[in-house]
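Architecture at a glance
Here are the chains, one letter per residue:
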Amino acid sequence: MNPILELHNLKKYYATQKAVDNISFSINKGSIFGLLGPNGAGKTTLLRMITGIFYPDSGSIRFDGKTFDPLNDIIKIGYMPEERGLYKKMKIGEQALYLAQLKGLSKSDAMEKIRYWFKRLEMESWWNKKVEDLSKGMSQKLQFVTTVLHEPKLIILDEPFSGLDPLNANLIKDEIYGLSQRGSTIIFSTHRMEQVEEICDHIVLMNLGQKILDGTVSEIKQQFKENKFGIKLNEVPGNINSPAFDIADQKANALTVKIKDGFRSNDVLQYFLQQNLTIESFNEILPSLNEIFINLVEGTNATTRAFQPVNAQ
Amino acid sequence: MNKTILIIQREYLTRVKNKRFVLTTILMPLLIVALIAGSTYLSIKGKDEHKIAVIDSNGFFKGNIKNSKEILFEFPESVDTSNYLNKGFTDIIVIPKFDGTEKTSYILRSKKRISIMTEEAIAERINTAIEDNMLQNAGIDKMQLDSIHSQSRFAELKAVEESESGGNAKESNAALSYGIGFGSGMLIYITMFIYGAMVMRGVMEEKTNRIAEVMVSSVKPFQLMSGKIIGIGAVGLTQFLMWIVLIIGLFTAAQAFIPHDVMEQVKNLQQANSQMPGGSMSVVKAGDAAQQIYKVQHTFSTANWPVIIGLFVFYFLGGYLFYAALFAAVGSVVNEDPQDAQSLMLPITMPIIFSFIIMTNAVQDPSTPIAVWASIIPFSSPMVMMARIAYGIPGTVPYWQLAASMLSLVGGFIFTTWLSGKIYRTGILMYGKKVSWKEMGKWAFRRN
């Protein structure tokens, strides 16, 4: 698979901090990519470089196999920033048309696509309403439509579900899948881990401007697994003593066991089988991304970084 | 389509389609005309009528003092300061006996306060009467005196400007030059504030609405800024154009109310004067009204309108572009707090106000060194140069000064736009932080 986006040693330093410090990774075409990190990790700065808003201090960006050229490639990118908004006094239809034309669509093309998307997301009756009359969720939907309207190759969504009710969040999620299936690559920036686990193929975790994790969700989970297994028995014996594992947790008949080094899951099963107990279920417990995230980020000064005094350096 | 053009289009159309724009554009000229007509009407009709009883111990005022509609002197018997109101007079003057060799004061008593104008008129009438009386005593009879009075008002000052090329001398009119200079300088002053603030508010709106980042992911910040500035400038020009059309329309409509025979006389006066430039007006028979209309028309025709209007458009646009860019830069660094905008605007509004003060002086005395320099430096040139241009090119404003002024204004707005573009680019994406002047300077002068 060809990468749509390759970042090589990107750096962007501000006077007081290293916002993006030597970051490299690549994103495959058609994948859904998660860019994770605590507040102030440098995600927005990185995305602004990918969208051509900022120039990197050093490093290079390759877009679709060629050196990234912000002026021309920008129309192949759709960016929904976290700090987003619309012209409040403009009518919704005009607003969508304006933003689509700015992305290089002709008026007739833009109209056609707006009609398609408005119909799809049940927004047809909104055309003559003003943005200031919309609820937060409604304007979020409009914002999403204006981001993807020009069928960009790369769609960047920064916290796309904030402010959406579960119904609309699902609607947008389905559209994201649909866009991905039709060949668009999606970068998804968030700190909501459960969404990432559900949606993303590939993630990168940033902290303090640096990349600290890179891989597919299952790879990362494997990497951080602690050899824990959940086992459910018909009854729990009073005294469990095995060289192969320790009991990490017990809730009624369900046990969480941690396998010691040099043993396998089979050793656990064997132990309970020998005791003539009925095993109702047995499964590996992988850490959630949330746990991995907290483990990696906690203890660094990530949370305080945003409030550092200006004269820190 | 070019993105900047799309932005200009949006900025222009959303404002021009706005009801408020239509209203102010139509109402403003009506308001101005109503203001002029109203104040003229009041100055004509608003005068108090005074019926003044004169207690004259000398006895020579009767028959010598001039009466008019507003001020009527009467010499009644048995009226004194205690009963003049009851006898139907509004004021009473008591003139003590004097022989005309020393200053005397007479006392004017009134029911209500009289205006300065009326006071002056009364004093002048009395003094004229005394003067006449002295002249008569010196041996000039009444007939001679009356004919001197009627003939001595014929002198009329006609200022003529020497042209440098030795061609025809041009008639000039200081009052008209003053009016045009002050009017156009004032107009530029007001519009600079109105449209500059409009640019600033537009930028602030984009920033606080959080649409700025959405926009700059599609267009360059510089395109966004210049599109807004040009769009709003076009709104300003549209407004001017509509005002000019409306004002011309209103005056044409007003002319329809002038009786036909008066217009005929005005035409005769025009013809007579074009055959005999500088000739006396009394050659052609014409009524008072026609003479007045002809005078106004003639005065207006002494100004070089195409040059003045052309330069006005140039200086309006140049001044607007110069300051609008700075206003945009301020708008981009302001956060939600409008108080910030106030303090950041100060360094921009100060030179504008200062230029206005220079302009009010330059319009009275267009050739002082400060007026000359202020009309060349781009900070103040739009207003000050307009004040000077009305006095004539190249008489008052030599060509080299005009060229220097225009070039430096063009250079000036290119510089402010470049400078503001750099501040704007960073400022528009900064939230929640108060930006200092030092930081803005850093953004403006760093590379890339």
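Conventions we followed
Residues numbered from 1 in each chain as written. Chains lettered and ligands numbered in written order. Predicted model: local features only at pLDDT ≥ 70, side-chain atom pairs only at ≥ 80, totals over all residues. Helix = DSSP H or I, 4+ residues; strand = E, 2+ residues; numbered from the N terminus. Buried ≥ 20, exposed ≤ 12 C-beta atoms within 10 Å, placed from the backbone. Contact = placed C-beta atoms within 7 Å. Axes fitted to C-alpha atoms, helices over the stretch in contact; angles between N-to-C directions. Parallel < 35°, antiparallel > 145°, perpendicular 65-115°, else oblique. Nonpolar A, V, L, I, M, F, W, Y, C, P; charged D, E, K, R; others polar. Pairing = 2+ DSSP bridges. Core = buried A, V, L, I, M, F, W, Y, C linked by C-beta atoms within 7 Å. Domains from an automatic or database assignment. Left-handed = near helix turned anticlockwise from the far one by under 90°. pLDDT = per-residue confidence, 0-100. Expected span 1.5 Å × (residues − 1).

1. Focus: the overall build of chain B
From N to C terminus, chain B includes 15 helices and 6 strands. Burial status across chain B gives 28% buried among its 448 residues. Long-range contacts, defined here as pairs at least 24 residues apart, represent 70% of the contacts in chain B between residues at least 6 apart.

2. Examining the overall build of chain A
Looking only at helices and strands, chain A has 11 helices and 14 strands in total. Looking at chain A as a whole, 36% of its 313 residues are labelled buried. Across chain A, every contact between residues at least 6 apart in sequence was considered, and the portion connecting residues at least 24 apart equals 70%.

3. Describing the packing of helix H10 (residues 305-333) of chain B against helix H13 (residues 381-389) of chain B
Residue and element names in this part refer to chain B. Put simply, H10 and H13 touch, their axes get as near as 9 Å, and they point 170 degrees apart. The angle between the axes of H10 and H13 places the two elements in the roughly antiparallel class. Contact residues: H10 offers Ile308, Leu311, Phe312, Tyr315, Phe316, Gly318 and Gly319, while H13 offers Pro382, Met385, Met386 and Ile389. Counted by class, the contact of H10 with H13 contains 9 nonpolar, 2 polar and no charged residues.

4. Concerning the sheet that holds strand S14 (residues 279-285) of chain A
Residues and elements named next belong to chain A. Across the sheet, which stays open at both edges, the 4 strands sit in the order S12-S13-S11-S14 with antiparallel pairing between neighbours. One side of each edge strand has no neighbouring strand; the edge strands of this open sheet are strand S12 (245-251) and S14. Within the sheet, the average angular offset between the axes of one strand and its neighbour, ignoring direction, is 25 degrees. Pairing between strand S11 (residues 228-233) and S14: 6 bridges, direction antiparallel. Bridge assignment links Leu233 to a residue of S14, and that residue is Ile279. In this fold helix H9 (residues 265-274) packs onto S11, S12, strand S13 (254-259) and S14, with an angle of close to 20 degrees to the strand it touches most, S11.

5. Let's talk about the nonpolar core
Residues A:Ala96, A:Ile156, B:Val199, B:Ala324, B:Ala325, B:Ala328 and B:Val384 are the most contacted members of the largest nonpolar core, which totals 129 residues. Top element by residues in this core is H10(B). It accounts for 16 residues. Leave out the neighbours within four places in its chain, and B:Ala325 touches B:Ile229, B:Phe413, B:Thr416, B:Thr417 and B:Ser420. If you look at the next biggest cluster of nonpolar residues, it comprises 10 residues, including B:Ile52, B:Ile71, B:Ile92 and B:Ile122.

6. With respect to the interface of chain A and chain B
Residue-level contacts link 19 residues of chain A with 16 residues of chain B. The greatest single-element share of the side of chain A that touches chain B, amounting to 4 residues, is contributed by helix H3 (residues 92-102) of chain A. A per-class count over the side of chain A that touches chain B returns 11 nonpolar, 3 polar and 5 charged.

7. Describing the domain arrangement of chain A
The assigned domain composition of chain A is domain 1 (3-222) and domain 2 (226-285). Using only C-alpha atoms to locate each centre, domain 1 of chain A and domain 2 of chain A end up separated by 44 Å.

8. Regarding the sheet that holds strand S4 (residues 107-110) of chain B
All names here are of chain B. Judged by pairing direction, the sheet is mixed, and its 4 strands sit side by side in the order S2-S1-S3-S4 without closing on themselves. Edge positions in the sheet fall to strand S2 (71-74) and S4, since each has one partner strand and no second. When strand polarity is set aside, the average angle formed by the axes of neighbouring strands in this sheet is 25 degrees. Pairing of strand S3 (residues 91-95) with S4, which is carried by 4 bridges, proceeds in the antiparallel orientation.

9. Some details on unusual backbone geometry
With a phi angle near 50 degrees, A:Ala252 is a residue other than glycine that sits in the positive phi range. Take A:Ala252: it is sitting in the loop between S12 and S13. Phi at B:Arg210 takes a positive value of approximately 65 degrees, unusual for a residue other than glycine. Position of B:Arg210 relative to the elements: it lies in the loop between helix H5 (174-208) and helix H6 (212-216). Using a count of 15 C-beta atoms within 10 Å as the deciding quantity, one classes B:Arg210 as partly exposed.

10. With respect to the packing of helix H1 (residues 3-16) of chain B against helix H7 (residues 221-255) of chain B
Residues and elements named next belong to chain B. One can describe the packing of H1 onto H7 by two numbers: an axis separation of 8 Å at closest approach and a directional angle of 40 degrees. Classified by the angle between their axes, H1 and H7 sit oblique to one another. Judged by the twist between their axes, the crossing of H1 over H7 is right-handed. Taken together, the residues of H7 that come into contact with H1 (itself represented by Lys3, Thr4, Ile7, Ile8, Glu11, Tyr12, Arg15 and Val16) are Gln223, Leu224, Ser226, Gly227, Lys228, Ile230, Gly231, Ile232, Ala234, Val235 and Thr238. Class assignment for the residues of the contact of H1 with H7 results in 9 nonpolar, 6 polar and 4 charged.

11. Focus: the confidence of the model for chain A
For chain A, mean pLDDT is 85; residues scoring 70 or higher make up 95% of the total. Overall, residues 303-313 of chain A carries pLDDT values under 50, and its contacts beyond four positions in sequence, including any with other chains, amount to 9 contacts.

12. Considerations on helix H5 (residues 136-148) of chain A
All names here are of chain A. Under the 1.5 Å per step criterion, the end-to-end length of H5 is 19 Å for 13 residues, consistent within 8% with the ideal 18 Å. Most of H5 is tucked away, with 10 of its 13 residues classed as buried. Along H5, the residues that are buried comprise Ser139, Gln140, Lys141, Leu142, Gln143, Phe144, Val145, Thr146, Thr147 and Val148. Packed against the buried residues of H5 are strand S6 (77-80), H3, helix H4 (107-120), strand S7 (154-158) and helix H6 (166-181).

13. A look at the domain arrangement of chain B
Split into domains, chain B comes out as domain 1 (50-139) and domain 2 (177-246 + 257-445). Each of domain 1 of chain B and domain 2 of chain B was reduced to a C-alpha centroid, and the two centroids are 53 Å apart.

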